[in-house]
Amino acid sequence: MKVSQILNNNVAIVSRGNNEVIVYAKGLAFKKKVGQVIYENEIEKTYVLDSNDMLEHFSYLLSHSDASHITLVNQIIAYGEEKLGEKSNDYLSLTLLDHIEFALKRAAKGQFIRSPLTWEVKKFYPQHFDIGMYALNLINEQFQLTFPEDEAVSIALHFVNLQEDKNNLDETIRSMESLRDILSIIQYHFQLKLDEGSLNYMRLMTHLQYFIQRVMTKNSYDESDVNLNEQIKLMYASSYECVQKIRVYIKQKYACDLTIDEETYLMLHIHRVTNRSQKERT
């Protein structure tokens, strides 16, 4: 591969076929000149990007990044790949480097960002949160800092995005926020804290996750079993009232209404989980 541009002693842009890629290794480009050859066994990391804008942006980032930061990111990526059993893409390496570079600049000024998604990521993406904590411990140890747990959440979300083939990260975050909000509505309505270790709670969580996904894709149950719905309303009046609050929330957030069957299933799941919790309180 011939050198097209030398960015610093560690980073160069090379021609590979008809494309240009970024290559990195400590001392890789030292004493190299444009037009000279860099061999595969000299390269520690290759970044393949699909647009000139991205190539330019990340070329600048890599050329201005400390080699220790790049090594740190590679270490985090390797841990994440092993943890998830999945290979990452080059965008993850570069966006994570961008994130950590900015986080270190913020830390130097004593600026630490609070994450509104700490509970959600811990709950629904425990493996990804573990990766975030691994990264956080490395950063704190290497740079003698005390980043809060919130930073681990931000790093974890980079890996969540890696595995979200059908939805982008914004949709994933929106789904987690909706799940948190609906659980809050249920607990506030019944004035109780749900038992997160119970089987009924896990059933509710599974139902809500798929329910939110159906709402977001406008693909709800619609068999319209009116008789069953009317019976459940009469039997579980408080659960029905709670579902009406959820209905208002869904209308406001997603501009759609619950079908009769979605309402029925929600009432059943909510009754099961709250009835057990209320009995345990008495």
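Here the structure is a predicted model, which is why all the values come from computation and not from measurement.

Chemist: What exactly am I supposed to notice about the packing of helix 2 (residues 67-84) against helix 5 (residues 126-143) here?
Modeler: The geometry of a pair of packed helices is captured by two quantities: the angle between their axes and the separation between those axes. Two elements in contact, helix 2 and helix 5, have axes separated by 10 Å at closest approach and are oriented at 155 degrees. As far as their axial angle goes, helix 5 and helix 2 are roughly antiparallel. Here the hand of the crossing between helix 2 and helix 5 comes out right-handed. Contacts from S68, H69, L72, Q75, I76, Y79, G80, K83 and L84 of helix 2 reach helix 5 at Q127, H128, D130, I131, Y134, A135, L138, I139, Q142 and F143.

Chemist: Is there a simple way to explain the state of the cysteines in this structure?
Modeler: Any covalent bond linking the sulfur atoms of two cysteines counts as a disulfide. Summed over all chains, the structure comprises 0 disulfides. In this structure C242 is a free cysteine whose sulfur lies 17 Å from that of C256, the closest cysteine sulfur available. The exposure class of C242 is buried, given its relative accessible area of 0%.

Chemist: In this structure, what is going on with the sheet that holds strand 1 (residues 2-6)? I would like to understand it.
Modeler: The strands making up a sheet associate through backbone hydrogen bonding, with each pair oriented either parallel or antiparallel. Read across the open sheet, the 4 strands follow the order 1-2-3-4; overall the sheet is antiparallel. The open sheet has two edge strands, strand 1 and strand 4 (45-47), and neither has a second partner. In this sheet, adjacent strand axes meet at a mean angle of 35 degrees when their direction is disregarded. Where strand 2 (residues 11-16) lies against strand 3 (residues 19-24), 6 bridges are found, and the strand directions are antiparallel. Paired with S15 across the bridge in strand 3 is E20. Helix 1 (residues 52-63) rests against strand 2, strand 3 and strand 4 of the sheet, and its axis sits at about 15 degrees to strand 3.

Chemist: Teacher, can you tell me more about the pairing of strand 3 here?
Modeler: Taken residue by residue, a regular strand's side chains alternate between the two faces of the sheet. Between strand 2 and strand 3, which pair antiparallel and follow one another directly, the connecting turn spans 2 residues, one of which, G17, has a positive phi of 70 degrees. In terms of strand pairing, strand 3 meets strand 4 through 3 bridges, oriented antiparallel. Within the sheet, the bridge partner assigned to Y24 lies in strand 4 and is K45.

Rules used in this analysis
- Residues numbered from 1 in each chain as written.
- Predicted model: local features only at pLDDT ≥ 70, side-chain atom pairs only at ≥ 80, totals over all residues.
- Heavy atoms only, no water.
- Axes fitted to C-alpha atoms, helices over the stretch in contact; angles between N-to-C directions.
- Helix = DSSP H or I, 4+ residues; strand = E, 2+ residues; numbered from the N terminus.
- Parallel < 35°, antiparallel > 145°, perpendicular 65-115°, else oblique.
- Left-handed = near helix turned anticlockwise from the far one by under 90°.
- Contact = heavy atoms within 4.5 Å.
- Disulfide = S-S within 2.5 Å.
- Buried < 20%, exposed > 50% of the residue type's maximum accessible area, 1.4 Å probe, protein only.
- Pairing = 2+ DSSP bridges.

Keep in mind these values describe shape, not function.
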